[in-house]
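Results of the structural survey
Spelled out, the chains give:
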Amino acid sequence: MEIYLDNAATTRVYPQAAETVLKVMREDYGNPSSLHMKGVDAEKYLRDSRETLARLLKVEQKEIVFTSGGSESNNMAIVGSVLANKRLGRHVITTRIEHPSVYNPMEFLREEGYEVTYLPVDEYGLVRLDALKKALRPDTCLVSVMAVNNEIGTIEPLEDIAGIVRQTNPHTLIHVDAIQAFGKMKIYPSRLGIDLMSASGHKFHGPKGTGFLWIKSGTKVHPLILGGGQQKGMRSGTENVPGYAGMGSAARLEFDHLDEKIDRLYELREYFIENVLKIEGTHLNGGRYRGSFSMSQEGMAGHCAAPHIVNISFEDIRAEVLLHALEEKEIYVSSGSACSSNHPQLSGTLKAIGVPRALLDSSLRFSFSYDTDKDQIDMCLQALGELLPVLRRYTPGGRKRR
């Protein structure tokens, strides 16, 4: 029996979304820029998907720009907004625990002469708000902070962050990477007081190669792809109609009975954490309890976790060894960000939250979806209980356990 616990890397496409993709590819295959009915039919899929996303986010349809996924959305938000708002200054702020699709555009800006400030985080992965206050300057043009960390699941206090930025420098743009948040918690960008927000279709059971960027009306963003002027010139190129239609279908399904789904995920997450920590030599990285986008509302810094991501360190075990041992039992997990799995290195996120050096290469990410059930969690826990004592016997320098 296959047990897939790597849903932060990608998700299984909803059958209905896959059917929509196939129908568009085989039947409604027109170019949405064409004036004949095939083109009109294709354009309707784009309109419907855009309307769905706007309704779920409580924003305007014209504020949604379709992209190829989270990485492009983040690049467009960061590089595009900075290029379009040079008058605001040449200083940008982000955190030490961002995804590579944020970190690398920031490094690109640094090479172009911009000054980049990387904010520290606490032991849970929460941005240090005092450091943000000190870092903000009159020439800060952009602040980019992820909504949910992709490795440890920390929910950042976006409301508090936006409030500090607006109070200190109301002209500074705020971008949120919501790739791990969209579909796993309610997020309304206009209410948060931000300007740009990224999402990716394959993280919420939509097709790969799809995503979107929400751009608040009036926010200037320089397009990164130039050509035929599609999407009002914001992203040229013939639109991926099958993909965007499937993404819209997946979004509708993902948000159906969302509150109940979130409650169930939190129950599974807490059940897994409670039982995995009974195994000797295990440590939770990040927050444990239900979190929100406002630290002031929650009241406790430890209450900062998204419902679907758990990161555990296992003493005296190399993560890659344990990952493949679980794989042999058809249990699929991750040793960190999927986008860096082909270039293994010690996690910058785990370093930033102060995980001891000996555990940096001993951590696995378990990530759930609405397909995950308690029986799968139990089988994973049983496998860990069986594998860990055996693997530790063969770990050089590993402690003998009784």
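A brief look at the structure comes next. This is a predicted model, so every value here is computed, not measured. (Residues numbered from 1 in each chain as written. Predicted model: local features only at pLDDT ≥ 70, side-chain atom pairs only at ≥ 80, totals over all residues. Heavy atoms only, no water.)

A short note on the pairing of strand 8 (residues 211-215)
Taken across its five residues, strand 8 has five buried, putting it largely inside the fold. What you see with strand 8 is no split at all: Gly211, Leu213 and Ile215 on one side and Phe212 and Trp214 on the other are buried throughout. With four bridges joining them, strand 2 (residues 64-67) and strand 8 adopt antiparallel strand pairing. Across the sheet, threonine 67 pairs through a bridge with glycine 211, a residue of strand 8. Sheet topology places strand 7 (residues 196-200) next to strand 8; five bridges connect them, and they run antiparallel. Bridging from a neighbouring strand, alanine 199 pairs with phenylalanine 212 of strand 8. (Buried < 20%, exposed > 50% of the residue type's maximum accessible area, 1.4 Å probe, protein only. Helix = DSSP H or I, 4+ residues; strand = E, 2+ residues; numbered from the N terminus. Pairing = 2+ DSSP bridges.)

Considering the nonpolar core
Counting 99 residues, the largest nonpolar core has Phe272, Phe314, Leu322, Phe366 and Leu384 as its most contacted members. When neighbours within four sequence positions are excluded, phenylalanine 366 is seen to be in contact with Leu5, Phe272, His308, Ile309, Val310, Ile312, Phe314, Val333, Cys380 and Leu384. Leu88, Val102, Leu109 and Leu173 belong to the second largest nonpolar core, which has twelve residues in total. (Core = buried A, V, L, I, M, F, W, Y, C linked by side-chain atoms within 4.5 Å. Contact = heavy atoms within 4.5 Å.)

Details of the packing of helix 1 (residues 15-26) against helix 8 (residues 241-255)
Two numbers describe how helix 1 lies on helix 8: the axes approach to 8 Å, and their chain directions differ by 155°. Here helix 1 is positioned roughly antiparallel relative to helix 8, judged by the angle of their axes. For the crossing formed where helix 1 meets helix 8, the hand is right-handed. Residues Gln16, Ala17, Thr20, Val21, Val24 and Met25 of helix 1 lie in contact with helix 8, whose contacting residues are Val241, Pro242, Ala245, Gly246, Ser249, Ala250 and Leu253. Each residue belonging to the contact of helix 1 with helix 8 can be placed in one class, and the counts come to nine nonpolar, four polar and no charged. (Axes fitted to C-alpha atoms, helices over the stretch in contact; angles between N-to-C directions. Parallel < 35°, antiparallel > 145°, perpendicular 65-115°, else oblique. Left-handed = near helix turned anticlockwise from the far one by under 90°. Nonpolar A, V, L, I, M, F, W, Y, C, P; charged D, E, K, R; others polar.)

A closer look at the packing of helix 3 (residues 70-84) against helix 4 (residues 100-111)
At a closest axis distance of 9 Å, the pairing of helix 3 and helix 4 adopts a crossing angle of 30°. In terms of orientation, helix 3 lies roughly parallel with respect to helix 4. Classified by chirality, the crossing of helix 4 by helix 3 is right-handed. From helix 3, Ser71, Asn74, Asn75, Ile78, Val79 and Val82 reach across to helix 4, where they touch Ser101, Val102, Pro105, Met106, Phe108 and Leu109. Residue composition of the contact of helix 3 with helix 4, grouped by class: eight nonpolar, four polar and no charged.

What about the sheet that holds strand 7?
Pairing between sheet strands relies on hydrogen bonds along the backbone, with the strands arranged either parallel or antiparallel. The seven strands lie next to each other as 2-8-7-6-5-3-4, forming an open sheet whose pairing is mixed. Whereas interior strands pair on both sides, the edge strands pair on one side only; in this sheet they are strand 2 and strand 4 (115-119). If you compare each strand with its neighbour and ignore which way they point, the axes differ by 20° on average.

Quick word on helix 4
With twelve residues, helix 4 ought to run about 16 Å at 1.5 Å a step, and its terminal C-alpha atoms sit 16 Å apart, in line with that. Here helix 4 has its buried residues at Ser101, Val102, Pro105, Met106, Glu107 and Leu109. Where helix 4 is buried, its residues meet helix 3, strand 3 (91-95), strand 4, strand 5 (140-146) and strand 6 (173-177). Looking at the residues trailing helix 4, positive phi occurs at glycine 113, about 105°. (Expected span 1.5 Å × (residues − 1).)

These results come straight from atomic positions and should not be treated as a statement about function.
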